[in-house]
Structure formats: structure tokens, C-alpha cells
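Residue-level structure breakdown
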Amino acid sequence: MDCTQNLSLGDPLEPVRKATAQMLNERDHSFSLPQPFYSDERLFQVDMQEIFHKEWLIAGMTCEIPAKGNFLTLQIGDNPILVIRGAEGQIHAFHNVCRHRGSRLCVSDKGKVAKLVCPYHQWTYELDGRLLFAGTEMGADFDLKDYSLKPVQCKTAGGYIFISLAENPPAIDEFLATLAHYMEPYDMENAKVAVQTTLMEKANWKLVLENNRECYHCNGSHPELLNTLLEWDDVTDPRASQAFKDQVAECTTRWDKDKIPYAHASFGLRNRIVRMPLLKGTVSMTMDGKQGCKKLMGRITDPDLGSMRILHLPHSWNHCMGDHMIVFTVWPISAQETMVTTKWLVHKDAVEGVDYDVARLRQVWDATNDQDRRLAEENQRGINSTAYQPGPYSKTYEFGVINFLDWYSERMLNNLGDTPAQSLRQVAGE
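Only a predicted model underlies this, so the values are computations on that prediction, with no experimental measurement involved. (Residues numbered from 1 in each chain as written. Predicted model: local features only at pLDDT ≥ 70, side-chain atom pairs only at ≥ 80, totals over all residues. Heavy atoms only, no water.)

**Considering the pairing of strand 14 (residues 307-312)**
For strand 14, a buried count of six out of six residues is recorded, marking the element as mostly surrounded by other parts of the structure. Of the two faces of strand 14, the one lined by S307, R309 and L311 and the one lined by M308, I310 and H312 are each fully buried. Of the pairings in the sheet, the one linking strand 13 (residues 271-276) to strand 14 comprises six bridges and is antiparallel in character. Its bridge partner lying in strand 14, R275 is registered against M308. In the sheet, strand 14 pairs with strand 15 (residues 316-320) via five bridges, with the strands oriented antiparallel. Note on strand 15: the bridge partner recorded for R309 is H319. Taken together, strand 14 and the strand that follows it, strand 15, pair antiparallel across an intervening segment of three residues. (Buried < 20%, exposed > 50% of the residue type's maximum accessible area, 1.4 Å probe, protein only. Helix = DSSP H or I, 4+ residues; strand = E, 2+ residues; numbered from the N terminus. Pairing = 2+ DSSP bridges.)

**Concerning the domain arrangement of the protein**
Looking at the protein, the domain boundaries give domain 1 (57-164) and domain 2 (187-384). Summarising the inter-unit geometry, the C-alpha centres of domain 1 and domain 2 are found 31 Å apart. With 17 residues of domain 1 at the contact, the number on the domain 2 side is 18 residues. For the pair domain 1 and domain 2, the two sides together bury roughly 1,200 Å², of which 63% comes from carbon and sulfur. When the buried surface of domain 1 facing domain 2 is broken down by residue, I58, C63 and Y160 rank first, second and third, together holding 42% of it. For E64, the salt bridge goes to K343, with nearest N and O atoms at 2.8 Å. Viewed at the interface, domain 2 and domain 1 are joined by four residue pairs in polar contact (both at pLDDT 80 or more). Of all the secondary-structure elements, those providing two or more residues to the side of domain 1 that touches domain 2 are strand 1 (57-61), strand 2 (70-76) and strand 10 (160-164). For the side of domain 1 that touches domain 2, the class distribution of residues is nine nonpolar, five polar and three charged. (Domains from an automatic or database assignment. Contact = heavy atoms within 4.5 Å. Buried area = accessible area lost by both parts, 1.4 Å probe. Salt bridge = Lys/Arg side-chain N within 4 Å of Asp/Glu carboxyl O. Polar contact = N/O pair within 3.5 Å; in protein donor to acceptor, adjacent residues only side chain to side chain. Nonpolar A, V, L, I, M, F, W, Y, C, P; charged D, E, K, R; others polar.)

**So, helix 6 (residues 205-212)**
Counting buried positions along helix 6 gives seven out of eight residues, so the element sits mostly inside the fold. By the N-cap criterion, in which a side-chain oxygen at the helix start approaches the backbone nitrogen of a residue two or three places on, helix 6 is capped by N204, the distance to K206 being 2.9 Å.

**Some remarks on the UniProt feature "domain: Rieske" (unreviewed entry) in the protein**
According to UniProt, the positions carrying the feature "domain: Rieske" (unreviewed entry) are residues 56-163. The span residues 56-163 is 0% helical and 40% strand by assignment, and the distance between its end C-alpha atoms comes to 6 Å. (UniProt positions renumbered as here; feature names shortened; annotations may be inferred.)

**Let's talk about the environment of R99**
By the secondary structure assignment, R99 is in the loop between strand 4 (91-95) and strand 5 (110-112). For the pair R99 and K206, spaced 107 residues apart in the sequence, the C-alpha separation amounts to 34 Å. Residues within four places of R99 in sequence aside, it is in contact with W123, Y125, D146, Y147, S148, L149 and K150. Only 2.7 Å separates the side chain of R99 from the backbone oxygen of S148, close enough to count as a polar contact.

Put into C-alpha cells, the structure is as follows:
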């Protein structure tokens with residue numbers, strides 16, 4: 001069979017797409033997903049094409065590329081991506097692929113350049129993606145304007161850089177405006193990454209997210225985290241005690257005085273922002289609950305800001321405190337392997353060894369991340385068994401997992417062009 005014949009066969013994943021839509025339409029939304037969603041490599045490819053290639057993703061933080069020519073790179077499935085700050089502070093995103101013969105332009109994780117020069121044949125691009133030089137060897141009829149870098153949709157808000165590989169990604173501007181408002185006290189242009197870690201987990205990316213979306217497992221698994229974390233996201237949570245409600249009332253009075261945003265803001269199931277107190281007597285996610293960085297962020301003067309929690313599906317959760325913030329992003333590698341990056345950010349003028357100690361800053365979440373890694377990996381091993389079948393979620397403790405899978409199902413069906421016979425909202429009785 002020649003290449004032309006092979007192409008005429010159409011999309012080899014089409015049967016998987018149909019099976020995926022059928023399973024999602026038939027699933028009980030209060031149960032975990034059927035086994036292929038966590039283990040099948042073909043369904044993983046559909047995940048990448050329909051979720052990670054079409055939704056908005058957090059590529060990094062604007063403070064990571066503070067000046068003209070600063071860049072960072074990342075990998076989304078098979079797609080190398082380049083994010084760079086150009087003239088007048090504008091941030092651009094491109095496919096990190098030379099228009100000559102496809103070589104990667106930037107091969108390091110971060111750096112700074114005057115121009116983008118392909119290491120293979122020295123094709124040279126301006127920071128806005130325009131091809132400037134390809135040599136005389138390309139011939140007199142070669143037009144530089146035809147070979148600019150291929151752009152990637154890019155938006156910034158509140159110090160975050162969002163990208164999407166889709167030509168027409170879903171609307172996000174309302175959330176970004178709210179995010180900018182909530183992040184204003186942190187002055188993220190004057191922040192820096194104090195330290196970054198990468199953790200490889202032998203588990204499907206959805207298991208990593210499911211584990212994050214509930215604290216049902218926290219008491220038995222996260223002693224370091226529970227030194228400071230209160231699991232409730234809202235005073236309306238039926239498990240919330242009166243003491244917790246009183247603490248929230250006391251905190252919000254102070255936050256109002258300092259004009260610190262805290263109200264629960266939700267944008268469908270994809271995005272959520274809420275500030276909640278930490279355990280009474282603690283101000284930061286450190287082992288002893290004391291400040292991890294002596295210099296507070298932005299215009300903040302009171303270290304007792306609790307934790308502002310930011311959720312961005314499909315792949316990020318965040319904790320923002322008065323002295324530092326933590327950004328987590330999840331990157332699928334294969335059906336049963338996921339990369340989790342964690343960044344600890346502090347005020348850009350904070351001095352390591354004077355204002356903060358990196359080991360102390362990392363201690364709680366290094367332990368928690370590794371504990372979660374083991375939980376997700378054991379979850380994956382069990383799901384791979386022939387004995388696995390979807391099990392029920394607790395509507396009280398695991399509502400966040402239900403919400404995540406509802407969002408995933410809705411977006412997958414939408415992106416596949418399938419309209420469910422009964423919407424997930426109706427199934428949930430909402």
C-alpha cells in the first residue's frame with residue numbers, strides 16, 4: 001500500500017472517537033470512568049487532540065520572561081512550543097519549528113536571544129516570528145514573507161501566560177479579567193520563580209487531576225500538608241464547622257480593609273478562584289506554618305492571607321499566599337505517564353538565603369507531591385487489572401472529582417462534535 005492509498009483511509013482514530021463519545025454518553029457521572037480512559041494509548045491520543053490541543057493551557061508566568069528576547073519552551077504532546085517576549089513587552093507564542101525543514105529553533109528550556117536563529121541552517125527570525133534571513137541559496141523567487149513562524153494563540157492575565165493550539169479556542173476573556181483583578185495585590189511583573197521541580201508519575205493525567213480534586217485521602221496521606229491546609233472551599237460546605245465559619249468572617253473583614261479579593265468566583269466547571277483561610281495560627285504552607293519568605297509579595301502587608309486557590313482545567317491548580325505562591329501544571333506524556341511541574345514564586349527582590357530558604361519553601365509540597373505520585377501510581381496499577389470497573393464517588397468528599405469529569409466529558413463531546421442525548425447537567429439534577 002503506497003502513501004496515497006494510506007491517506008485515503010481517513011482518520012485511523014475515528015473508531016476510537018466514536019467509542020469515546022458512546023462511553024461518555026452512557027457513563028454514570030457519579031462513577032469513575034471506564035478503563036480505556038485511563039490506560040488505552042489510542043484514547044490517550046484522542047485526549048491530546050481534543051483536549052490538550054484545543055483548550056487553553058498555562059505555558060508559564062510572565063515574570064519568567066521579563067525582558068525583550070527572554071523565552072521559554074514547552075512540549076504539548078508532539079508539539080514543541082516557544083513563548084518569547086518581543087518588542088514593547090508583547091509576549092508571543094509560536095510552534096518551535098523552523099519553516100525550512102522543521103528543526104526545533106530553541107532547544108533549551110529558557111534563555112535570551114536577540115533574534116531567533118535555527119541551529120540547523122541559520123534561518124533567522126524576528127522576535128515577532130517574521131523570517132528575516134534565509135541566505136541567497138533559496139533563489140531569487142523566494143519570498144521571506146511566506147515563511148514566518150506558525151503562531152500559537154496567546155493571552156496573558158495576572159502574571160499567567162495562556163496558550164492554545166486551536167485556531168478558535170474557547171472563550172476565556174471573562175475569566176482572565178477576573179484573574180487579573182484577583183492577582184493585582186501580587187504584582188506578578190515583580191515576582192520571580194524561586195525554584196521549580198519536575199515530577200514524573202506513572203499514571204494517566206486524569207488520575208493526577210482526580211487525586212488533586214479531592215481531599216478524601218488527605219487525612220491518611222498528607223500529614224505535612226494538613227499542618228496548614230483547611231480543605232473546605234466554602235462556608236456552605238456541609239462539613240464546615242462553626243469555628244471555621246467564624247474564622248472566615250474574621251479574615252474577610254481584614255481582607256476587605258486591605259482590598260484583598262477573596263469571594264468565590266466560578267466560570268463553569270473549568271475555572272474557579274477562591275481565597276480561604278489556612279489553619280488558625282498559620283500564615284503559609286510551610287512545615288511550621290510561618291512565613292516561607294520574609295518579603296511579602298506585591299503590595300501585600302499582612303502575611304495572613306490564607307491561600308487563594310486557582311483552578312484551571314484541564315491541567316493546573318495554584319495556591320497564592322501572602323509571602324509566596326505555588327503553580328502546578330500537569331503535562332500528559334503517554335496513556336500511563338504524566339509530568340507534573342511545580343513552581344514556587346516570591347517577590348523578585350527577595351534574596352535566597354536571607355529572605356527565604358529554598359529547601360524550607362519546598363518541604364511541604366515536595367512531600368505532598370511525592371505522596372500523591374505514589375497514590376496515583378497505585379491507582380493506575382489497580383485500574384490496569386481485569387478486575388477494574390468504575391466505582392462510585394462520594395458526593396460529599398469527591399464532588400470536585402465529579403465536577404472535573406463532568407467538564408472533561410462535556411469538552412470532549414463538544415470537541416468531537418457529539419451532542420449528548422441528555423446533558424450532564426440534567427443527569428446531575430442541576
